[in-house]
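# Descriptive analysis of the structure
Single-letter residue listing:
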Amino acid sequence: MITKDAEISAPVVPAPRAAPPQQRPRKARRAWDEAPRWQIYLPLGSYLLFTLIPFYWILLFALRPAGSTSLVPWPMTFEHFEKVWTERSFGTYFQNSVLIGVATLVMTTVIALAGGYALARFDFRVKRGFMLALLCSQFVPGALLLVPLFQIFAELQMINSLGSVVIAETVFQLPLSMILISGFIRNVPYSLEEAAWVDGCNRFTAFRIVVLPLLRPGLIAVGSFAFVHAWNHFLFALMFLSNQDKQTIPVGLNTLMSADSVDLGALAAGGIIAAVPVVVVFAFIQKWLITGFSAGAVKG
């Protein structure tokens with residue numbers, strides 16, 4: 001019989017320690033993970049240099065005096081910019097390009113938003129055929145649209161009108177814009193609209209309150225793409241606009257080149273004027289642009 005004193009005085013045997021967990025063998029690093037930094041920076045730096053040299057060359061011709069052969073734009077002059085802005089009517093060309101670009105942006109976004117919502121939310125008999133027609137229309141070059149569009153605008157007496165270029169640019173941009181927006185709307189859960197309907201909203205109100213705020217990246221992507229294309233497009237403005245006070249910047253740049261000579265300083269200054277708005281637009285919207293195009297292309 002074991003007494004309490006014996007039980008208290010009995011030595012306490014420590015419990016055996018648990019074996020430490022076995023560490024997984026460290027995965028061997030691959031050869032390209034240990035590449036020296038110069039193997040990364042050298043090709044990137046070479047590509048950056050190859051990209052920036054043409055821009056520096058344009059700045060050199062635009063900022064150095066006429067007749068100079070210096071490789072550094074010093075002394076710096078802005079006479080070429082003053083020449084193209086006043087003497088070559090680039091102020092008027094710039095205004096016309098802005099009007100066409102903004103009008104194309106608005107029309108393309110509104111129409112593509114309505115069409116994209118119909119493609120994303122409704123099922124109808126010719127939906128697959130309509131989507132196939134939209135995709136196939138991207139293989140049609142814009143030059144093939146010149147003759148039918150010119151005849152239509154001539155019947156409507158819209159030749160030499162900025163509205164004709166806006167309509168042509170919108171028609172050319174709508175298929176891709178509609179496909180992108182429909183893919184972006186599919187990413188918005190349909191249950192959000194149903195919840196808004198239960199709360200008493202109609203379809204349009206539910207779309208405006210619930211869906212439209214979530215489409216901001218997609219709308220910015222589509223609108224910016226339409227604006228940049230309308231800003232840089234040369235063919236429609238050349239064919240549908242004949243008066244000098246209705247021309248756009250791409251057509252104005254073409255007038256700086258003749259068969260006998262080319263004013264390189266004025267041409268470079270005009271190119272910078274044409275490029276600055278596009279660079280500024282992409283600098284401010286690049287985050288939404290990448291998000292919008294990637295999201296719209298996931299479930300197109």
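Look above for the structure.
Let me sum up the structure you'll find in this document.

Reading the values: rules and limits
- Residues numbered from 1 in each chain as written.
- Predicted model: local features only at pLDDT ≥ 70, side-chain atom pairs only at ≥ 80, totals over all residues.
- Heavy atoms only, no water.
- Axes fitted to C-alpha atoms, helices over the stretch in contact; angles between N-to-C directions.
- Helix = DSSP H or I, 4+ residues; strand = E, 2+ residues; numbered from the N terminus.
- Parallel < 35°, antiparallel > 145°, perpendicular 65-115°, else oblique.
- Left-handed = near helix turned anticlockwise from the far one by under 90°.
- Contact = heavy atoms within 4.5 Å.
- Buried < 20%, exposed > 50% of the residue type's maximum accessible area, 1.4 Å probe, protein only.
- Arc of directions from axis to C-beta.
- Patch = residues over 30% accessible without salt bridge, like charges linked within 9 Å, V, L, I, M, F, W, Y side chains within 5 Å.
- Areas by Shrake-Rupley, 256 points an atom, 1.4 Å probe, with all protein chains shown as cover.
- Salt bridge = Lys/Arg side-chain N within 4 Å of Asp/Glu carboxyl O.

### Overview of the packing of helix α5 (residues 127-137) against helix α7 (residues 162-186)
Interaxial distance between α5 and α7 falls to 8 Å at its minimum, and their mutual angle equals 130 degrees. The angle between the axes of α5 and α7 places the two elements in the oblique class. As α5 packs across α7, the resulting crossing turns out to be left-handed. Within the contact between the two elements, α5 uses Lys 127, Phe 130, Leu 134, Leu 135 and Ser 137 and α7 uses Pro 175, Met 178, Ile 179 and Arg 186.

### Focus on helix α6 (residues 146-155)
Buried within α6 we find Leu 146, Leu 149 and Phe 153. One side of α6 holds all its buried residues, which, seen down the axis, span an arc of 75 degrees. Of the exposed residues in α6, those oriented more than 90 degrees away from the buried face are Val 147, Gln 151 and Glu 155. Considering only its buried residues, α6 is in contact with α7 and α11 (235-240).

### Overview of the environment of Tyr 56
Within the secondary structure, Tyr 56 sits in helix α2 (residues 38-63). Judged by relative accessible area, which is 37%, Tyr 56 ranks as partly exposed. In sequence terms Tyr 56 and Val 72 are 16 residues apart; their C-alpha atoms lie 9.7 Å from each other. Excluding residues that lie within four positions of it along the chain, Tyr 56 makes contacts with Leu 71, Val 72 and Pro 73.

### Quick look at a nonpolar patch on the surface
A cluster of nonpolar side chains, namely Tyr 56, Trp 57, Leu 71, Val 72, Trp 74, Met 76 and Phe 78, defines an oily patch on the protein surface of about 820 Å² accessible area. Residue placement: Trp 57 occurs in helix α2. Its relative accessible area of 43% is what places Trp 57 among the partly exposed residues.

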